Amino acid sequence: HLQLVESGGGLVQPGGSLRLSCTASGFSLDYYSIGWFRQAPGKEREGVAYITSVSESTYYADSVKGRFTISRDNAGSTVALQMNSLTPEDTGVYYCAGVDLDYGGGLDSEDYRYWGQGTQVTVST
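Only a predicted model underlies this, so the values are computations on that prediction, with no experimental measurement involved.

*Asks:* What is the right way to read the packing of aromatic side chains from this model?
*Replies:* Two aromatic rings are characterised by how far apart their centres lie and by the angle between their planes. Evaluated as defined, the whole model comprises 7 aromatic pairs. Consider the rings of phenylalanine 27 and tyrosine 32, whose centres lie 6.5 Å apart with planes at 80°: the pair is edge-to-face. On the basis of relative accessibility, which here comes to 9%, the residue tyrosine 32 falls in the buried class. Centre to centre, the rings of tyrosine 32 and tyrosine 114 are 6.0 Å apart; their planes meet at 90°, and the pair counts as edge-to-face.

*Asks:* Quick question: what am I supposed to make of the pairing of strand E9 (residues 92-100) here?
*Replies:* For a regular strand, side chains alternate in direction, first toward one face of the sheet and then toward the other. Along E9, 7 of the 9 residues are buried, which leaves the element largely enclosed by surrounding structure. Pairing geometry for strand E4 (residues 32-39) and E9, over 8 bridges, is antiparallel. Residue glycine 35 lies in a different strand from E9, and its bridge partner there is alanine 97. The pairing of E9 with strand E11 (residues 119-123) spans 3 bridges and is classified as antiparallel. Bridge pairing in E11 links tyrosine 94 to threonine 119. Relative to strand E10 (residues 114-115), E9 is paired through 2 bridges, and the arrangement is antiparallel.

*Asks:* Would you take a moment to explain the sheet that holds strand E7 (residues 68-72) for this structure?
*Replies:* What holds strands together in a sheet is hydrogen bonding between their backbones, with the strands either parallel or antiparallel. Spatial strand order, E1-E3-E8-E7: 4 strands in an open sheet with antiparallel pairing. Here the strands that pair on one side only, and so sit at the sheet edges, are strand E1 (4-7) and E7. The sheet shows a mean angle of 15° between the axes of neighbouring strands, taken without regard to direction. Here E1 runs beside strand E3 (residues 18-24); their pairing, made up of 4 bridges, is antiparallel. By the bridge assignment, leucine 4 is partnered in E3 with alanine 24.

Rules used throughout
- Residues numbered from 1 in each chain as written.
- Predicted model: local features only at pLDDT ≥ 70, side-chain atom pairs only at ≥ 80, totals over all residues.
- Heavy atoms only, no water.
- Phe/Tyr/Trp six-rings, centres within 6.5 Å; stacked < 30°, edge-to-face > 60°.
- Buried < 20%, exposed > 50% of the residue type's maximum accessible area, 1.4 Å probe, protein only.
- Helix = DSSP H or I, 4+ residues; strand = E, 2+ residues; numbered from the N terminus.
- Pairing = 2+ DSSP bridges.
- Axes fitted to C-alpha atoms, helices over the stretch in contact; angles between N-to-C directions.

In structure tokens, the structure reads:
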């Protein structure tokens, strides 16, 4: 059973950057497609980005394209989300999610089986 943990959230000023990390206890993330999602108060959960397990292709929501980058480390232990040029609309709880190798992933939360607890990102002066 894949257990995911997010870290790296916090308070940042508009225009600043944060780097979020997603790690697994006892598993290599090489065998899973990993997605990042966020949810702000009063809004639906939104798919942000994902990376596939075999081809390691990356995909981004239009709202973050050009500002956010998803990547894996060489050991397969971490999937990171580098967030640049942050705006207040990026505020929310960020979650990482995983799905097994044989499934493609996506920006829909229903595509994923495993979820972390979330980490808060606040973009404000």
